[in-house]
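Inside the fold
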Amino acid sequence: MRHLLSAADLDHTTAVHILDTAAEMAKTQSREIKKLPTLRGRTVVNLFFEDSTRTRISFEAAAKRLSADVINFSAKGSSVSKGESLKDTALTLQAMGADAVVVRHQASGAPHRLANAGWLEAAVLNAGDGTHQHPTQALLDSFTVRRHLRGTDVEPDGVGSDLAGLHVAIVGDVLHSRVARSNVDLLTTLGARVTLVAPPTLVPVGAETWPCEVSYHLDEVVDAGPDAVMMLRVQRERMGGGGGATSFFPSPLEYTRQYGLDARRLARLPEHAIVMHPGPMNRGLEISADAADSPRAVIVEQVANGVAVRMAVLYLLLAGEREKA
Ligand code: CP
């Protein structure tokens, strides 16, 4: 593995290996060994053209816990706002000796361009591009599902190391969601059954060819007894109209009534089912406060697992097996 650009690039063996490596990283963190010397002398650049809380901070924490030097670059306040191109930004990072570039960009495909244009020798990690992909989010989501529904003592590469036989419902604004696309790719590679649930206007054209089922009826899917329900953020900022409702979107009240996860729907899920959300949440829109704060919600754990998963991918790309790619 030279770069991490898309969850679709991960085969079953590689995906399980990353999850197993993340499990090892999580063990070191729970033993209070906060820092490993693995990436001493390496430089990780966080190159964020779009806002982020969880992904940016957890990549920074992950790199620091592996003893890398970290440079945080935000497009706001940089020469990008003076019109500097992606190419010139990349050449600047190359001149500064970046070993890894973690990039979030509003344009789908920007990380692929950075990785393949020959501007950088660094490993490129996609931290979310447009509506396209968010592979480390999918990895931390699969890691979280595996921990909860398979147990923490999974033998590396052994029985229970993947998600075969589990059913995950992904609910909400699929149209604008790189999290949904990445999760469909990775969850199905790991053997899970996936059902997308959304209003017809928030299902992407072509989703019927994806390796999952599509439903317009959340209540039917809840009653089918999924093992995990992953709620998606309604991305009003990608719908135009200055963040207000558009023709994509039923009224907020109607959306919540038909597609929101509330205490009533939560109570109908199987006892073991977990509730997930990648964050940031629109409380009261796609998820009620009592669902978000219920003991079955693993939303804060998803954030914590993000550090272990990002430690694993940085380790594998920079210290582990780059030469084998
Ligand atoms: N889940 C996620 O990508 O969150 P941030 O936008 O805060 O990074």
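Residues numbered from 1 in each chain as written. Predicted model: local features only at pLDDT ≥ 70, side-chain atom pairs only at ≥ 80, totals over all residues.

**Some words on helix H5 (residues 135–150)**
Worth spelling out the cut-off: Every helix listed is a DSSP run of H or I at least four residues long, and every strand listed is a run of E at least two residues long, numbered separately from the N terminus. Between the first and last residue of a helix there are one fewer steps than residues, each counted as 1.5 Å, and that sum is the expected span. Any residue surrounded by 20 or more other C-beta atoms within 10 Å of its C-beta is treated as buried, while 12 or fewer makes it exposed and the intermediate range makes it partly exposed; C-beta atoms here are placed from the backbone.
The end-to-end C-alpha distance of H5 is 21 Å, a good match for the 22 Å that 16 residues give at a rise of 1.5 Å each. By the criterion of burial, H5 is predominantly enclosed, with 13 of the 16 residues buried. Among the residues trailing H5, Gly151 stands out with phi positive, at a value near 100°.

**What to know about the domain arrangement of the protein**
Defined as follows: Where each domain begins and ends follows an automated or database-derived domain assignment. A pair of residues counts as a contact when their C-beta atoms, built from backbone coordinates, are separated by no more than 7 Å.
What the domain assignment lists for the protein is domain 1 (7–133 + 303–324) and domain 2 (137–301). Taking only C-alpha atoms into account, the centre of domain 1 sits 25 Å from that of domain 2. Between domain 1 and domain 2, the contact holds 25 residues from the first and 26 residues from the second. Counting residues per element, the ones that place at least two in the side of domain 1 that touches domain 2 are helix H1 (12–30), strand S4 (123–129) and helix H11 (299–320).

**Description of the nonpolar core**
To keep it simple, the criterion reads: A set of buried residues drawn from Ala, Val, Leu, Ile, Met, Phe, Trp, Tyr and Cys, joined through C-beta atoms within 7 Å, is what defines a nonpolar core.
If you look at the biggest cluster of nonpolar residues, it comprises 98 residues, and the most contacted ones within it are Ala100, Val101, Val171, Val229 and Leu314. Take this core: its biggest share by element is eleven residues, from H11. When residues of this core are sorted by domain, at least three fall in each of domain 1 (7–133 + 303–324) and domain 2 (137–301). Among residues more than four places away in sequence, those in contact with Ala100 are Val44, Ala122, Ala123, Leu125, Leu314, Leu317 and Leu318.

**Focus on the confidence of the model for the protein**
Here is the rule we go by: The quantity known as pLDDT measures the predictor's confidence residue by residue, on a range of 0 to 100.
Per-residue pLDDT for the protein averages 92, and the proportion of residues at 70 or more is 93%. This complex was scored by the predictor with a pTM of 0.94 and an ipTM of 0.99.

**With respect to the sheet that holds strand S8 (residues 228–231)**
Using the following cut-off: For two strands to be treated as a pair, DSSP must find no fewer than two bridges joining them. Axes here mean lines fitted to C-alpha atoms, for a helix over just the part in contact, with angles spanning 0 to 180 degrees between N-to-C directions.
Taken together, the five strands give an open sheet; going across it, the order is S7-S6-S5-S8-S9, and neighbouring strands pair in parallel fashion. Two strands lie at the open edges of the sheet, namely strand S7 (213–215) and strand S9 (274–276), each paired on one side alone. For this sheet, the mean inter-axis angle between neighbouring strands, taken without regard to orientation, is 20°. Sheet topology note: the strand S6 (residues 193–197)/S7 ladder contains three bridges and is parallel. Across the sheet, Thr195 pairs through a bridge with Glu213, a residue of S7. Strands in contact with helix H6 (residues 178–189) are strand S5 (167–171), S6 and S8; relative to S6, the strand with the most contacts, it is inclined by about 160°.

**Brief notes about the site of the ligand**
Defined as follows: A residue counts as near a molecule or strand when its C-beta atom, positioned from the backbone, falls within 6 Å of it. All residues other than Ala, Val, Leu, Ile, Met, Phe, Trp, Tyr, Cys, Pro, Asp, Glu, Lys and Arg, Gly among them, are scored as polar; the first ten of these are nonpolar and the last four charged.
Around the ligand, the neighbouring residues are Ser52, Thr53, Arg54, Thr55, Gly128, Gln137, Pro278, Gly279 and Pro280. Of the residues that constitute the shell around the ligand, the class distribution is two nonpolar, six polar and one charged. Built from parts of two domains, the shell around the ligand gets at least three residues from each of domain 1 (7–133 + 303–324) and domain 2 (137–301).

**Comments concerning the pairing of strand S3 (residues 100–105)**
Of all six residues that make up S3, six are buried, and the element is covered over most of its length. By the bridge criterion, five bridges tie strand S1 (residues 43–48) to S3 in an arrangement that is parallel. Residue pairing across strands places Phe48 opposite Arg104, the latter belonging to S3. Pairing of S3 with S4 involves five bridges; the strand directions are parallel.

**Describing the environment of Gly260**
Tracing the backbone through its elements, the reader meets Gly260 in the loop between helix H8 (252–259) and helix H9 (263–268). Separated by 46 residues in the primary sequence, Gly260 and Val214 place their C-alpha atoms 17 Å from one another. Here Gly260 is in contact with Tyr255, Leu285, Glu286, Ile287 and Ser288, once residues within four sequence places are set aside.

**So, unusual backbone geometry**
Cis geometry is found at the peptide bond from Gly279 to Pro280, where omega equals -10°. Examined against the element boundaries, Pro280 turns out to sit in the loop between S9 and helix H10 (289–292). Positive phi, normally seen in glycine, also occurs at Ser67, with a value near 70°. Tracing the chain through its elements places Ser67 in the loop between helix H2 (54–65) and strand S2 (69–74).

**Topic: the packing of H5 against H11**
We apply this condition: Two helices cross in a left-handed way if the nearer one is turned anticlockwise from the farther one by less than a right angle. They cross in a right-handed way if the turn is clockwise.
Two elements in contact, H5 and H11, have axes whose closest approach is 8 Å; the angle formed by their N-to-C orientations is 115°. Seen along the crossing, H5 lies across H11 with a hand that is right-handed. Residues Thr136, Leu139, Leu140, Asp141, Phe143 and Thr144 of H5 form the contact with H11, whose own contacting residues are Glu301, Gln302, Asn305, Gly306, Val309, Arg310 and Val313. Tallied by class, residues from the contact of H5 with H11 come to five nonpolar, five polar and three charged.

**Let's talk about H6**
Taking 1.5 Å of rise per residue, twelve residues should cover 16 Å, and H6 covers 17 Å from first to last C-alpha, within 8% of that figure. Counted residue by residue, H6 has eleven buried out of twelve residues, so it is predominantly covered. Of all the residues in H6, the buried ones are Arg178, Val179, Ala180, Arg181, Ser182, Asn183, Val184, Asp185, Leu186, Leu187 and Thr189. Tucked into the core, H6 has its buried residues touching H1, S4, H5, S5, S6 and S8. Backbone geometry just after H6 places Gly191 at a positive phi near 100°.

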